[in-house]
There are 2 protein chains.
Amino acid sequence: MPEGDGQTSARTAASPRTPDADATDAGGNGNRNEGGTNGSQANGAQANGSAIEVPAARERARSIPEAAVARLAVYLRALSSLAEQDITTVSSEELATAAGVNSAKLRKDLSYIGSYGTRGVGYEVEVLIGQIERTLGLTRKHSVAVVGIGNLGHALANYGGFPGRGFPVSALFDLDEDLVGVPVGGIPVSHIDDIVDVCSQREVTIGVIATPTQGAQEVCDRLVAGGVTCILNFAPIVLQVPEHVEVRKVDLAVEMQILSFHVARRQQEAVASGESGQVDGAGPPGGGAGLPGEIDSANRMVERL
Amino acid sequence: MPEGDGQTSARTAASPRTPDADATDAGGNGNRNEGGTNGSQANGAQANGSAIEVPAARERARSIPEAAVARLAVYLRALSSLAEQDITTVSSEELATAAGVNSAKLRKDLSYIGSYGTRGVGYEVEVLIGQIERTLGLTRKHSVAVVGIGNLGHALANYGGFPGRGFPVSALFDLDEDLVGVPVGGIPVSHIDDIVDVCSQREVTIGVIATPTQGAQEVCDRLVAGGVTCILNFAPIVLQVPEHVEVRKVDLAVEMQILSFHVARRQQEAVASGESGQVDGAGPPGGGAGLPGEIDSANRMVERL
DNA sequence: AATTGTGAACCGATTCACAGCT
DNA sequence: AGCTGTGAATCGGTTCACAATT
């Protein structure tokens, strides 16, 4: 994580001076949270005792740092893997290692969703899975629509049911008349003009935009008009959305460029120290390959991933 | 995002451990400045005139916050777009809007790479493009290898030259014998056993892992052995790498789950306030669709995206 | 008059370190 | 004896606000 993650979106909205959020994932991210920092506390203290259903659920849910939410998803994966191996209990240390974070962070993250561990022992895998799933809203299905059935859209549509169940793909859209009606991954492609109707009919909650840059904003507007409140955007553009809509952005170009930056930095450091300059280990290509060449501007962009 | 995530791994451990405990200097917030603003100044003034190569480059490059690096890539895109429209000058306000951030953040970010604006006027588009490209190391080509030619790998390989030039895909790998030798996007697929050789021969600097979870760590190890120091990982696993290797992770499942969380949160809020509960606007599906159904554990995972 | 560049305040997120429970 | 849960300290990044500069 390192974070960065991540990616993330952006919000801009009309509202009165919105700070805008965004993040990027790169890990880090920022988001706007607002409200007060209610300093943690409170709920932790509540006399837990018996299992109360729908406890102070909303109280709790609020105020989980966005960064922690992303990690909860990672913990969930690690936990599922443990469950498959019939492991019933884990310590924060073990789980943290599996998830690639340190144990203090893990415990803090888990504390945001409640106290489900046993001191001196650890956490029960199944219990934790249940609690995280509940917190992330995974106890309900979220219909997904994919717009733009190019290479990427195809890839996304092609495994029925997104990232492991819970996210059934229930609609596909493209501009291309030749594609309309053709089933991809079992679902026939609809025309982009029908986004509003189809999405509201099929109760789509998450829209995935895998179109070229040009069409993206238009598609986004239609998804929103169709009642979609969450968007995962692969197009390299900052989408404009009303504030009740959540956007997450995955930008391949940005990811590559961040990596490029690190290569450059490392090379510089090497030069800086060795001065006479040869990078260590695997080092720099030096020889044949590239050099300037007037980078054709790293952004004619993705186009139809 | 996605800090989210994203994630950055290798981190320089340079720092000494912790300062720690007792010696707390109470309250003295004497800020440590350090890194950040390295003297700034100076160079701005230099009689630029001629193009000076490698100025105080290394000094500058160090210490750019990771989050800022990600945003520089976004600014670059916006700038390229402006350049295409033959716009030669922008103010921080305009550029910030185009990039979806606020102007103070943008100026601060740009200040990390130097002073290339003109007070009272703004920034020259071409100059800024050049500086950002240099900072991100885009003045050099970075050969890319894609491992795992499933749906996603296909999509990635299929537009020759990754995200807009500068990132030529120069090697493809898969386990499947039937795929080996078949050209995809113009490049013949090699066998996964040849990763080390091919990567070092073709001087691959960035490896993209688009394999199922199982193979990912093994593939990663080979890429590293082949001299690859940057990895973009689409497999839902925390890769183990030596510290000089930089990993960025793109995790679709996590992205979806974060969105799911926001849906859940919104619904809760709606219930919390309206109590009798109907969400506003586009609102909740309410009717027919999903409900629990024993989420088959949101993580049997991606597998061969 | 306009707009950059940046110190300093602010704020959220991470880490420490230990009290509290089993 | 062990491990969780969490206040408190620290860190890093964002925002403010204004002096500097054209």
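Residues numbered from 1 in each chain as written. Chains lettered and ligands numbered in written order. Predicted model: local features only at pLDDT ≥ 70, side-chain atom pairs only at ≥ 80, totals over all residues. Heavy atoms only, no water.

J.: Hey, could you go over the overall build of chain A for me, with residue numbers and the actual values?
T.: The helix and strand tally for chain A stands at nine helices and 12 strands. For chain A, with 305 residues in total, the buried portion stands at 52%. The long-range fraction of contacts in chain A, counting pairs at least 24 apart against all pairs at least 6 apart in sequence, stands at 54%. As presented, chain A carries roughly 13100 Å² of accessible surface, and 52% of it is formed by carbon and sulfur atoms. (Helix = DSSP H or I, 4+ residues; strand = E, 2+ residues; numbered from the N terminus. Buried < 20%, exposed > 50% of the residue type's maximum accessible area, 1.4 Å probe, protein only. Contact = heavy atoms within 4.5 Å. Areas by Shrake-Rupley, 256 points an atom, 1.4 Å probe, with all protein chains shown as cover.)

J.: Any details on the sheet that holds strand S3 (residues 89-90) of chain A? Residues and values, ideally.
T.: Taken in spatial order, the three strands make up an open sheet running S3-S5-S4 (chain A), and their pairing is antiparallel. Edge strands, defined here as strands with exactly one partner in the open sheet, are S3 and strand S4 (117-118) of chain A. (Pairing = 2+ DSSP bridges.)

J.: For the nonpolar core, give the residues involved together with the corresponding values.
T.: Counting 108 residues, the largest nonpolar core has A:Ile132 and B:Ile132 as the members making the most contacts within it. Sequence-distant contacts of B:Ile132, defined by excluding residues within four places in its chain, comprise B:Leu72, B:Tyr75, B:Leu76, B:Leu79, B:Leu110 and B:Ile113. A:Leu223, A:Val228, A:Ile231 and A:Val247 belong to the second largest nonpolar core, which has 22 residues in total. (Core = buried A, V, L, I, M, F, W, Y, C linked by side-chain atoms within 4.5 Å.)

J.: Please set out the sheet that holds strand S11 (residues 230-233) of chain A residue by residue, giving values where relevant.
T.: Residues and elements named next belong to chain A. Read across the sheet, seven strands follow the order S8-S9-S7-S6-S10-S11-S12 without closing on themselves; strand pairing throughout is mixed. With one partner strand each, in any of the chains shown, strand S8 (183-184) and strand S12 (246-249) form the two edges of the open sheet. Bridging between strand S6 (residues 143-147) and strand S10 (residues 204-209) involves five bridges; their strand directions are parallel. Looking at S10, one finds that Val147 is bridged to Ile209. Contacts between helix H8 (residues 213-225) and the sheet are confined to S6, S10 and S11, with S10 contributing the most and set at about 175 degrees to the helix. (Axes fitted to C-alpha atoms, helices over the stretch in contact; angles between N-to-C directions.)

J.: An account of the UniProt feature "DNA-binding region" (unreviewed entry) in chain A is needed here, citing residue identities and associated values.
T.: Per the UniProt record, the feature "DNA-binding region" (unreviewed entry) sits at residues 74-113 of chain A. This span, residues 74-113 of chain A, is 75% helix and 5% strand, and a straight line between its end C-alpha atoms measures 15 Å. (UniProt positions renumbered as here; feature names shortened; annotations may be inferred.)

J.: Report on unusual backbone geometry, specifying residues and quantitative values.
T.: Residues and elements named next belong to chain A. Unusually for a residue other than glycine, Asp86 sits at a positive phi of about 60 degrees. Within the element layout of this structure, Asp86 appears in the loop between helix H2 (66-84) and S3. Residue Asp86 is classed as exposed on the basis of its relative accessible area of 66%. Residue Glu203 is not a glycine yet carries a positive backbone phi of 50 degrees. With respect to the element layout, Glu203 can be found in the loop between helix H7 (195-201) and S10.

J.: Tell me about the pattern of salt bridges, residues and numbers included.
T.: The final tally for this structure, using the stated rule, is 14 salt bridges over all chains. Residue A:Arg77 is joined to B:Asp251 by a salt bridge in which the shortest nitrogen-to-oxygen separation is 2.0 Å. Of the two residues, A:Arg77 sits in helix H2 while B:Asp251 sits in the loop between strand S11 (246-249) and helix H9 (252-274), which places them in two different chains. The pair formed by A:Arg77 and B:Asp251 is uniform in burial state, with each residue classed as buried. Two residues, B:Arg71 and B:Asp109, come together in a salt bridge whose shortest N-O distance is 2.6 Å. (Salt bridge = Lys/Arg side-chain N within 4 Å of Asp/Glu carboxyl O.)

J.: Provide a residue-level description of the environment of A:Arg248, including the pertinent values.
T.: All names here are of chain A. Position of Arg248 among the secondary structure elements: in strand S12. Taking relative accessible area as the criterion, Arg248 reaches 1% and is therefore assigned buried. Considering only alpha carbons, one finds Arg248 and Phe234, 14 residues apart in sequence, at a separation of 8.8 Å.

J.: Give me the lowdown on the pairing of S10(A), citing residues and values where you can.
T.: All names here are of chain A. Most of S10 is tucked away: six of the six residues are buried. Of the strand pairs in this sheet, S10 and S11 are connected by four bridges, and their pairing is parallel. Looking at the pairing, Ile209 lines up with Asn233 of S11.

J.: So, helix H8 (residues 213-225) of chain B: which residues are in play, and what are the values?
T.: Residue and element names in this part refer to chain B. Its 13 residues place the ends of H8 19 Å apart at the C-alpha level, agreeing with the 18 Å of an ideal helix rising 1.5 Å per residue. Taken together, the buried positions of H8 are occupied by Thr213, Ala216, Val219, Cys220, Leu223 and Val224. Packing partners of the buried residues in H8 comprise strand S5 (143-147), helix H7 (195-201), strand S9 (204-209) and strand S10 (230-233). (Expected span 1.5 Å × (residues − 1).)

J.: Quick rundown of helix H5 (residues 125-135) of chain A? Include the residues and the values.
T.: Of all the positions in H5(A), only A:Val125, A:Leu128, A:Ile129, A:Gln131, A:Ile132, A:Glu133 and A:Thr135 are classed as buried. Where H5(A) ends, the next residue or the one after it, A:Gly137, has phi of about 75 degrees, a positive value.

J.: Please set out the side chain of B:Thr211 residue by residue, giving values where relevant.
T.: Residue and element names in this part refer to chain B. Tracing the chain through its elements places Thr211 in the loop between S9 and H8. Residue Thr211 is classed as buried on the basis of its relative accessible area, which comes to 9%. Here Thr211 is in contact with Val147, Gly148, Ala216, Val219 and Ala235, once residues within four sequence places are set aside.

J.: Break down the side chain of A:Thr229 for me, citing the residues and quoting the values.
T.: Along the chain, the position of A:Thr229 falls in the loop between H8 and S11. If we skip the residues at most four places from it in the chain, A:Thr229 touches A:Thr205, A:His244, A:Val245, A:Glu246 and B:Arg266.

J.: Any details on the pairing of S5(B)? Residues and values, ideally.
T.: All names here are of chain B. Within S5, five of the five residues are buried, which leaves the element mostly enclosed by the surrounding structure. Because side chains alternate across S5, one face comprises the buried residues Ser143, Ala145 and Val147, and the other comprises Val144 and Val146, equally buried. As defined by bridge partners, S5 adjoins strand S6 (residues 169-174) across four bridges and the pair is classed as parallel. Residue Val147 lies in a different strand from S6, and its bridge partner there is Phe173.

J.: Give a detailed account of the environment of A:Val224, specifying residues and quantitative values.
T.: All names here are of chain A. Counting through the fold element by element, Val224 comes out in helix H8. Given a relative accessible area of 17%, Val224 falls into the buried group. Val224 sits 17 residues away from Gly207 along the chain, and the two C-alpha atoms are 8.8 Å apart. If we ignore the near neighbours within four places in the chain, the residues touching Val224 are Ile231, Pro242 and Val245.

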